[in-house]
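The chain contents come next:
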Amino acid sequence: MTMRSEDSVLDHYQAMELAVSALLIDKGYFSAADMEAEIDAMAKRTPDIGAAVVAQAWTDPDFKARLLADGTAACESIGLDMGPTRLMVVESTETVHNVIVCTLCSCFPRMLMGIPPDWYKSVNYRSRVVREPRMVLKEFGTEPSADVEVRVHDNTADMRYLVLPRRPASTDGMSREELAKLVTRDSMIGVKIVEAP
Amino acid sequence: MARFVPGDNVTVRRAFPPGHVRTPYYIRGKSGHIAQVLDSFANPEELAFGRDGLPKRPLYRVRFAQSRVWSDYSGSAGDTIDVELYEHWLESEENT
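An account of the accompanying structure is given in this report. The structure presented is a predicted model; accordingly, all values stated were derived computationally and were not measured. (Residues numbered from 1 in each chain as written. Chains lettered and ligands numbered in written order. Predicted model: local features only at pLDDT ≥ 70, side-chain atom pairs only at ≥ 80, totals over all residues. Heavy atoms only, no water.)

A look at the nonpolar core
Phase 1 of the analysis: Counting residues in each nonpolar core, the largest one holds 71 residues, and the members touching the most others are Y125 of chain A together with F64 and L90 of chain B.
Phase 2 of the analysis: It is helix α3 (residues 47-59) of chain A that provides the largest number of residues to this core, a total of six residues.
Phase 3 of the analysis: In contact with Y125 of chain A, not counting residues within four places along its chain, are V99, I100, V101, W119, Y120, V136, F140, I189 and V191 of chain A. (Core = buried A, V, L, I, M, F, W, Y, C linked by side-chain atoms within 4.5 Å. Buried < 20%, exposed > 50% of the residue type's maximum accessible area, 1.4 Å probe, protein only. Helix = DSSP H or I, 4+ residues; strand = E, 2+ residues; numbered from the N terminus. Contact = heavy atoms within 4.5 Å.)

Printed below as a string of structure tokens:
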């Protein structure tokens, strides 16, 4: 069960979450143990999963083509559990820089990156990145040139988005494992680029 | 099955129904083009109230020029935003 804090008063949504989870458990939709197991499983997911997908796409043109055509099927083909996620992978190139957001809530490709960072869920990021993306990117130290198209993807509905960042120059000799270590969560959200080592 | 194909110019309905709506306010009334036909999904506006959401609704990635979404957009002229929108929120641009 969710822990009840002794130190603070529950707000409306915290009280609602406790009530709804208690009801679902009482009515037998799932058990408290199921819920804990699911929370544990999500806590174990990290951006390392997404980084491995990116490194494979960088080194395997056939996989990359399948990933861009059907992200869910491509990830399942290398043994990843995608759960209910329908994945859309968007490739950043010399001419397009992609960045993802969910303006309505906090939709995020959790199966590949785990829990989103707090800033991703903030009203500041969600409201500004759709309206002034270049200013937000600049705050992350990312400055696409003026002739690059900055393309924002608002995760409003059923697909979840992952950015396939550009592979840095001068990484030709690196193994897939070495490449994966360069790929950060923020680069798969699109607020940063992948830096050469 | 899907009414629109990639490249079609569309305008998002400027409507404000109550309930669980996945069409952001900022994009209502704006015009763009179909970038991709995704698939058909149960209607979230119905699912949110415990109904089955059927028939499934075609979902699109619709691409908008930022300069047409925000009158004071300060980025580059070529910048875009993609939003996922259900077919019942879209109208052919010439009909608006």
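Describing the interface of chain B and chain A
Phase 1 of the analysis: Contacts between the two partners involve 26 residues from chain B, matched on the other side by 27 residues from chain A.
Phase 2 of the analysis: Both sides together, the interface formed by chain B and chain A hides about 2100 Å², and carbon and sulfur atoms give 46% of it.
Phase 3 of the analysis: Inspection of the region where chain B meets chain A yields three salt bridges.
Phase 4 of the analysis: Mapped onto the side of chain B that touches chain A, the elements with two or more residues apiece are β2 (31-41), β3 (57-65) and β4 (80-86) of chain B.
Phase 5 of the analysis: A total of six residues in the side of chain B that touches chain A trace back to one element, the largest contributor, which is β4 of chain B.
Phase 6 of the analysis: For the side of chain B that touches chain A, the class distribution of residues is eleven nonpolar, seven polar and eight charged.
Phase 7 of the analysis: In the sheet, strand β3 (residues 149-154) of chain A pairs with β4 of chain B via four bridges, with the strands oriented parallel. (Buried area = accessible area lost by both parts, 1.4 Å probe. Salt bridge = Lys/Arg side-chain N within 4 Å of Asp/Glu carboxyl O. Nonpolar A, V, L, I, M, F, W, Y, C, P; charged D, E, K, R; others polar. Pairing = 2+ DSSP bridges.)

Examining the sheet that holds β3 of chain B
Phase 1 of the analysis: Taking strand neighbours across the sheet as the criterion, the seven strands line up as β2(A)-β3(A)-β4(B)-β3(B)-β2(B)-β1(B)-β5(B) in an open arrangement whose pairing is mixed. Only two strands of the sheet have a single partner each, and these edge strands are β2 (96-101) of chain A together with β5 (90-92) of chain B. Shown here is a sheet whose adjacent strand axes are inclined to one another by a mean of 35 degrees, direction ignored. (Axes fitted to C-alpha atoms, helices over the stretch in contact; angles between N-to-C directions.)

Re the side chain of D82 of chain B
Phase 1 of the analysis: Position of D82 of chain B relative to the elements: it lies in strand β4.
Phase 2 of the analysis: Classification of D82 of chain B as buried rests on a relative accessible area of 2%.
Phase 3 of the analysis: Other than its neighbours up to four places away in sequence, D82 of chain B contacts R151, V152, H153 and D154 of chain A together with R61, V62 and R63 of chain B.

Points about the pairing of β3 of chain B
The two faces of the sheet receive side chains in turn, since in a regular strand these alternate between them.
Residue and element names in this part refer to chain B.
Phase 1 of the analysis: Here β3 lies mainly inside the structure; seven of its nine residues are buried.
Phase 2 of the analysis: Pairing of β3 with β4 involves seven bridges; the strand directions are antiparallel. Bridge assignment links R63 to a residue of β4, and that residue is D82.

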